[in-house]
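# Fold and geometry: a report
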Amino acid sequence: MKILHYIHGLPPVRGGGLLVYALDLAEGEQRMGNEVHLLVPGKFTTRFEKRTRIHSKNWEKFSCHYIINPLPVTEGAGISGVECLAESGDINVYINFLQKISPDIIHMHSLMGIHLAFFQAAKKLSIPILFTSHDYYGLCPKISLLRNGKMCDRNNWTMCAQCMEHIVSQKKVKWKHSDIYYKIKKNKFYHWMEYSKILLPIKKYIKSIIKKDKGENNQVKTEGVQGYNALFAYYRQIYEYITYYHFNSNQSREVYESFLGEIRGQVIPITNKRVRDNRRIYTFKDDKLRIGYLSSKQIFKGYPYLEEALEAMYKKGMTGFECHIYFNPQNVHCPYICSHAQYRENDMDAVFKGMDVLVMPSICKETFGMIVLEALSYGIPVIISSYVGAKELLEENQGMGIVIEVENLKEGLRTELERIYDDRRILSRMNRKICDWDREWDFDKHVIKMIDLYHEISQ
């Protein structure tokens, strides 16, 4: 079978669970004898040339095709001149490309960076399109569907311009598509600089003295209202070309259907090749509670709630804990915060064996939450909000973790952490429940399930 996967970029420029899943799935399909191609947004040429074309070259073990002059990939940020995100593109370029590789199915993992013309070309050539609901980009330009700390239920984008936390220039977004930026991100010295605790205070000082033109930013927001309305209509068209939806949780299906109505699709929880059965019985010592947080510092991931809970515990005299996070925090002097660089596949054993409990207090409706499954695969108990799609895993086997209702997240998180701090036997009981969980851990079986779905859609 010929399979074309579309993703919004490649490591090390892009990252996260979406890319891990998509690339692992593509590798598994290729290993099973299928012909797999990748399509990704490539670089922008000079500002005087907007002509789209496809440049093909291998990336690692894959046949990879780069869209030259794609749509900008904003990753949830606002952009100056938002109309640039709704350019239709040249249908003939995509028709020629699709005729050349002749895929049996197209698997979309994102809508960022791709023209409407691509979907129109696939329709014209009768190539079915499967869309996996990794995020909410087509429903929300911020990806998170979060507005003023609460889930946004607007079925239009009239308020999006005012909702954006920050606006970036087209020039900056396009810079992140460049070959030079790719080489910089790949450089080990740059990676050290990005996460160096020595340089963090210097970087914070430099940012504090950079003057921001707030007046210009507000003007962009005001002028962007019309552009966001056009963008909403643009993605409405794209959704009409999708043949079938793969939802990675019941929650993501509910969110999409609340905006788009009844959808043809099914729920198949995602996983990846690094999720293996590493469960074992742990002894949770009373001397130091090790809390793990593996998401980002973005507000919709709920990190401020965790910060507040930990500070309250520390002030109450509960000082026998440490929280391991994998980004540079704002407060570098906090005695109980242990910050690390972003972890990679080779680091997973050390990361999860270095914690007693994982916390994921998201305040947006996560489509899944791969980190939760990764923690459970190591036998690590979890504390998550009711907005994490992976809560469905805990519903399969009660007692593997704690789900806190978002409405009571601030108080509930502090209460549950204090309860575990006082009694580590709670963690022991959850650990045993996880180890008793009857679950299939073979990633190849998930790959086969997806290939079967491709055949079903293609008929």
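Our structure's up above, just so we're on the same page.
Residues numbered from 1 in each chain as written. Predicted model: local features only at pLDDT ≥ 70, side-chain atom pairs only at ≥ 80, totals over all residues. Heavy atoms only, no water.

## So, a nonpolar patch on the surface
- On the surface, W175, I180 and I184 cluster together into a nonpolar patch covering about 270 Å² of accessible area.
- Within the secondary structure, I180 is located in helix α6 (residues 179-186). (Patch = residues over 30% accessible without salt bridge, like charges linked within 9 Å, V, L, I, M, F, W, Y side chains within 5 Å. Areas by Shrake-Rupley, 256 points an atom, 1.4 Å probe, with all protein chains shown as cover. Salt bridge = Lys/Arg side-chain N within 4 Å of Asp/Glu carboxyl O. Helix = DSSP H or I, 4+ residues; strand = E, 2+ residues; numbered from the N terminus.)

## Some details on the sheet that holds strand β12 (residues 265-267)
- The 8 strands lie next to each other as β3-β4-β2-β1-β6-β7-β11-β12, forming an open sheet whose pairing is mixed. Strands at the two margins of the open sheet, each flanked by one partner only, are β3 (53-59) and β12. When the angles between neighbouring strand axes are averaged without regard to direction, this sheet yields 20°.
- Along the sheet face, helix α3 (residues 116-124) touches β1 (2-6), β2 (35-41), β6 (105-108) and β7 (129-132) and points at about 155° away from the line of β6. (Pairing = 2+ DSSP bridges. Axes fitted to C-alpha atoms, helices over the stretch in contact; angles between N-to-C directions. Contact = heavy atoms within 4.5 Å.)

## A look at empty space enclosed by the protein
- Going through the model one piece at a time under the given rule, you end up with 1 cavity of 30 Å³ or more.
- Its boundaries defined by the atoms lining it, the largest cavity holds a volume of some 120 Å³.
- Considering the residues around the largest cavity, the lining is formed by 14 residues, among which C140, P141, C152, C160 and C163 are closest to the centre.
- Contributing elements (two or more residues each) for the lining of the largest cavity: β8 (146-147) and α4 (160-163).
- Looking at the lining of the largest cavity residue by residue, the classes come out as 10 nonpolar, 1 polar and 3 charged. (1 Å grid on protein atoms, 1.4 Å probe; cavity = no way out; pocket = protein on both sides within 12 Å on 5 of 7 lines; lining within 4 Å. Points joined across faces, edges and corners; volume = space filled by probe spheres on them. Nonpolar A, V, L, I, M, F, W, Y, C, P; charged D, E, K, R; others polar.)

## Here's the deal with the sheet that holds strand β16 (residues 357-360)
- Spatially, 6 strands are ordered β15-β14-β13-β16-β17-β18 in an open sheet, and the strand pairing comes out parallel. The open sheet has two free edges, formed respectively by β15 (337-339) and β18 (401-404), since each of these has just one partner strand. Shown here is a sheet whose adjacent strand axes are inclined to one another by a mean of 20°, direction ignored.
- Pairing of strand β14 (residues 321-325) with β15, which is carried by 3 bridges, proceeds in the parallel orientation. Along β15, the bridge assignment pairs I325 with S339.
- The strands touched by helix α11 (residues 303-315) within the sheet are β13 (289-293), β14, β15 and β16, with β14 carrying the most contacts at an inclination of about 160°.

## Examining the pairing of strand β17 (residues 382-385)
- Going residue by residue along β17, you find V382 and I384 tucked away on one face and I383 and S385 tucked away on the opposite face as well.
- Sheet analysis places β16 next to β17, joined by 3 bridges and oriented parallel. Along β17, the bridge assignment pairs V359 with I383.
- In this region the chain leaves β16, passes through helix α13 (residues 370-377) and returns to the parallel neighbour β17; the handedness of that crossover is right-handed.
- Two strands pair when backbone bridges link them, and β17 and β18 are joined in this way by 4 bridges, in the parallel orientation. Residue pairing in the sheet places I384 in a bridge with V403 of β18.
- Chirality of the crossover, the property in question, places the unit of β17, helix α14 (residues 391-396) and β18 among those that are right-handed. (Buried < 20%, exposed > 50% of the residue type's maximum accessible area, 1.4 Å probe, protein only. Right-handed = clockwise from strand over helix to strand, strands pointing away.)

## Topic: the environment of V275
- Within the secondary structure layout, V275 lies in the loop between β12 and β13.
- A relative accessible area of 2% means that V275 is categorised as buried.
- C-alpha of V275 to C-alpha of D442: the two residues are 167 residues apart in sequence and 8.4 Å apart in space.
- Those residues in contact with V275, other than ones at most four positions away along the chain, are M370, L373, E374, S377 and W441.

## Quick look at helix α17 (residues 443-458)
- Over its 16 residues, α17 extends 23 Å from the first C-alpha to the last, a length consistent with the 22 Å expected when each residue adds 1.5 Å.
- Within α17 the residues assigned to the buried category are F443, H446, V447, M450, I451, L453, Y454 and I457. Axial view of α17: buried residues confined to an arc of 155°, hence all on one face.
- Looking at the packing, one finds that the buried side of α17 touches β1, α1 (17-31), β6, β7, β11 (244-247) and β12. (Expected span 1.5 Å × (residues − 1). Arc of directions from axis to C-beta.)

## Considerations on the pairing of β13
- Among the 5 residues of β13, 4 are classified as buried, and the element is accordingly described as predominantly covered.
- Where β13 meets β14, 5 bridges bridge the pair, whose relative direction is parallel. Paired with L289 across the strands is F321, a residue of β14.
- The parallel pair β13 and β14, bridged by α11, forms a crossover whose chirality is right-handed.
- Of the pairings in the sheet, the one linking β13 to β16 comprises 2 bridges and is parallel in character. Each residue of the ladder has a partner; that of G292, found in β16, is L358.

## Regarding helix α16 (residues 425-435)
- Among the residues of α16, I426, L427, S428, M430, N431 and I434 are the ones counted as buried.
- Buried residues in α16 make contact with β13, β16, α13, β18 and α15 (409-422).

## Observations regarding the nonpolar core
- Counting residues in hydrophobic clusters, the biggest one holds 79 residues, and the most contacted among them are L310 and L417.
- The element that contributes the greatest number of residues to this core is α17, accounting for 7 residues.
- Beyond its immediate stretch of four places on either side in the chain, L417 contacts L289, I291, L306, A309, L310, M313, V359 and I383.
- Counting 58 residues, the second largest nonpolar core, distinct from the first, contains A77, I95, I106 and Y235. (Core = buried A, V, L, I, M, F, W, Y, C linked by side-chain atoms within 4.5 Å.)

## Quick notes on the pattern of salt bridges
- Within this structure, the stated rule accounts for 17 salt bridges.
- The salt bridge involving E27 is made with K61; its shortest N-O contact spans 3.0 Å. Here the residue E27 occupies a position in helix α1, and K61 occupies one in the loop between β3 and β4 (62-68), the gap between them amounting to 34 residues.
- E27 gets classed as buried once you look at its relative accessible area, which sits at 18%.
- A salt bridge links E27 to K273; the nearest nitrogen and oxygen atoms lie 2.8 Å apart. In this pair, E27 sits in helix α1 while K273 sits in the loop between β12 and β13, placing the two residues 246 residues apart along the sequence.
- Judged by its relative accessible area of 28%, K273 is partly exposed.
- Through salt bridges with shared partners, one network takes in K316, E411, R414 and E418.

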